[in-house]
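A closer look at the structure
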Amino acid sequence: MAEGEKAAYVATVMEHLRAFHVPYLNLLKENGYAVSLLAGTDVPLPFEGRKVFVPFQRSPFKLSNIKAYFALKKDFNEQKYDLIHCHTPTAGILTRLAACRTRKKNGTRVFYTAHGFHFFKGAPLINWLLFFPVEWFCSFFTDVLITINHEDYHLAKKYMHAKEIHYIPGIGVDLKKFTDVTIDRAAKRREIGVPETDIMVLSTGELNANKNHEVIIKALAQLKRNDISYVICGKGNKEAYLKELARSLQIDHKVHLLGHRSDIAEMNHCADIFAFPSKREGLGLAAIEAMCAGLPLLTSNIHGIIDYSQNNKSGFNCDSSDFTQFSQFLLQLADSKILRTQMGTYNKRKVKRFSLDTVLAAMKEIYKL
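The rules behind the values
- Residues numbered from 1 in each chain as written.
- Predicted model: local features only at pLDDT ≥ 70, side-chain atom pairs only at ≥ 80, totals over all residues.
- Heavy atoms only, no water.
- Core = buried A, V, L, I, M, F, W, Y, C linked by side-chain atoms within 4.5 Å.
- Buried < 20%, exposed > 50% of the residue type's maximum accessible area, 1.4 Å probe, protein only.
- Contact = heavy atoms within 4.5 Å.
- Salt bridge = Lys/Arg side-chain N within 4 Å of Asp/Glu carboxyl O.
- Pairing = 2+ DSSP bridges.
- Helix = DSSP H or I, 4+ residues; strand = E, 2+ residues; numbered from the N terminus.
- Axes fitted to C-alpha atoms, helices over the stretch in contact; angles between N-to-C directions.
- 1 Å grid on protein atoms, 1.4 Å probe; cavity = no way out; pocket = protein on both sides within 12 Å on 5 of 7 lines; lining within 4 Å.
- Points joined across faces, edges and corners; volume = space filled by probe spheres on them.
- Patch = residues over 30% accessible without salt bridge, like charges linked within 9 Å, V, L, I, M, F, W, Y side chains within 5 Å.
- Areas by Shrake-Rupley, 256 points an atom, 1.4 Å probe, with all protein chains shown as cover.
- Lys, Arg positive; Asp, Glu negative; His and termini not counted.
- Charge placed at Lys NZ, Arg CZ, Asp CG, Glu CD.
- Phe/Tyr/Trp six-rings, centres within 6.5 Å; stacked < 30°, edge-to-face > 60°.

1. Digging into the nonpolar core
Of all hydrophobic cores here, the largest spans 61 residues; its most connected members are L37, M200, F274, Y308 and M363. Look past the residues within four positions of F274 in its chain and what remains in contact with it is L202, S203, T204, N268, A286, A287, A290, L295, P296, L297 and L298. In terms of nonpolar packing, the next biggest core, distinct from the first, is built from 31 residues, V201, I217, L220 and L245 among them.

Structure (structure tokens):
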């Protein structure tokens, strides 16, 4: 690779790049690329690069995204990037369409990472009708399509037309950050209001319909146990609903909504079980982080999550709407420290394939650096 080449990273919001892609921005920079960041918002992130505001709307079907398309096309034609890597559905669609000219004229390589297709086994029919045709069409304008779970990879290999299709195990987790943690467990529990003797079930993630925290609240209520606490770290539009649900089920004293936390690694080491009952996930970083801490998993059985959530090995997985099944498995885990330890030990061993070093090495090969 020649020095002085240019790369662009594109996402609907800058928060996505900050949360998941700084190591890959640094990888390109270390290999001689000048990297531009194109997104619809601007937040501080630990990477120095040219920033371009693009007026994305979150839904790819909003007509106002026409402005974003022309902003992308103008920048691509002016900058003549050697590499463009796009993420998130809206940015992924508009970037690939806007890059057609520079791809043909300048030989720009266009990469797209699918962080979980919206169409998958068990997805609503409307998802297939809306998103599948768009992704299929855009795949004709994609040099490299990257998937992060096995179901998406096999679907892409069967139906998509990108020049190359790859699987990588997620976006990479800094294992040491979530493994090498020293805390005063009793003090941390006092801080968050959880009795030291309780079985602590932890979930982390945005409080929205997709994350499906309500199914764990219903499962806990069905058990009628006073020695199990459910702790949720995250913010979102379902906060009031979840509080009212816990109150109506008379377990609000056992459900702790802590809001956004910057100490997730410590929270994982404070817990006994990690619950991840999402209705849709590309992979699910939060559960993989919990595996680093040696927690058994209680998850839904959807694509992405089942790449690592294995019944009777990593923990248990359930139908995302079946709170009775979640309740039964929660009871098994709560009542057996031996089972929790066995599953946690298995998870600490298996999580290594999702390490940041592993994924960085794979991306270096894909980029041909």
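2. Overview of the pattern of salt bridges
All told, the structure shown has 20 salt bridges when counted by the stated rule. For K51, the salt bridge goes to D42, with nearest N and O atoms at 2.9 Å. We classify K51 as partly exposed; its relative accessible area is 35%. Between E135 and R96 there is a salt bridge whose closest N-O contact spans 2.9 Å.

3. Quick word on the sheet that holds strand β10 (residues 255-259)
Spatially, β10-β9-β8-β11-β12-β13 is the arrangement adopted by the six strands of the open sheet, whose pairing is parallel. Edge positions in the sheet fall to β10 and β13 (315-318), since each has one partner strand and no second. Averaged over neighbouring strand pairs, the angle between their axes works out to 20 degrees when direction is ignored. Pairing geometry for strand β8 (residues 199-204) and strand β11 (residues 273-276), over two bridges, is parallel.

4. Here we look at the layout of surface pockets
The calculated volume of the second largest pocket comes to roughly 250 Å³. Lining the second largest pocket we find 14 residues, and of these A271, D272, G294, L295 and T341 sit closest to its centre. Taken together, the elements giving at least two residues each to the lining of the second largest pocket come down to α12 (264-270) and α15 (337-350). Among the elements that line the lining of the second largest pocket, the one with the most residues is α15, at five residues.

5. As for a positive patch on the surface
On the surface, a cluster of positive charge is made up of K313, R349, K350, K352 and R353. Within the secondary structure, R353 is located in the loop between α15 and α16 (356-367).

6. Overview of the packing of aromatic side chains
In this structure the tally under the stated criterion is 15 aromatic pairs. With a centroid separation of 5.1 Å and 75 degrees between ring planes, the pair formed by Y69 and F70 is classed as edge-to-face. The class for Y69 is partly exposed, based on a relative accessible area of 22%. Summarising the aromatic geometry, the rings of F137 and F141 are spaced 5.2 Å apart at their centres and angled 70 degrees between planes, so their arrangement reads as edge-to-face. Judged by relative accessible area, F137 falls into the partly exposed class, the value being 41%. The exposure class of F141 is partly exposed, given its relative accessible area of 21%.

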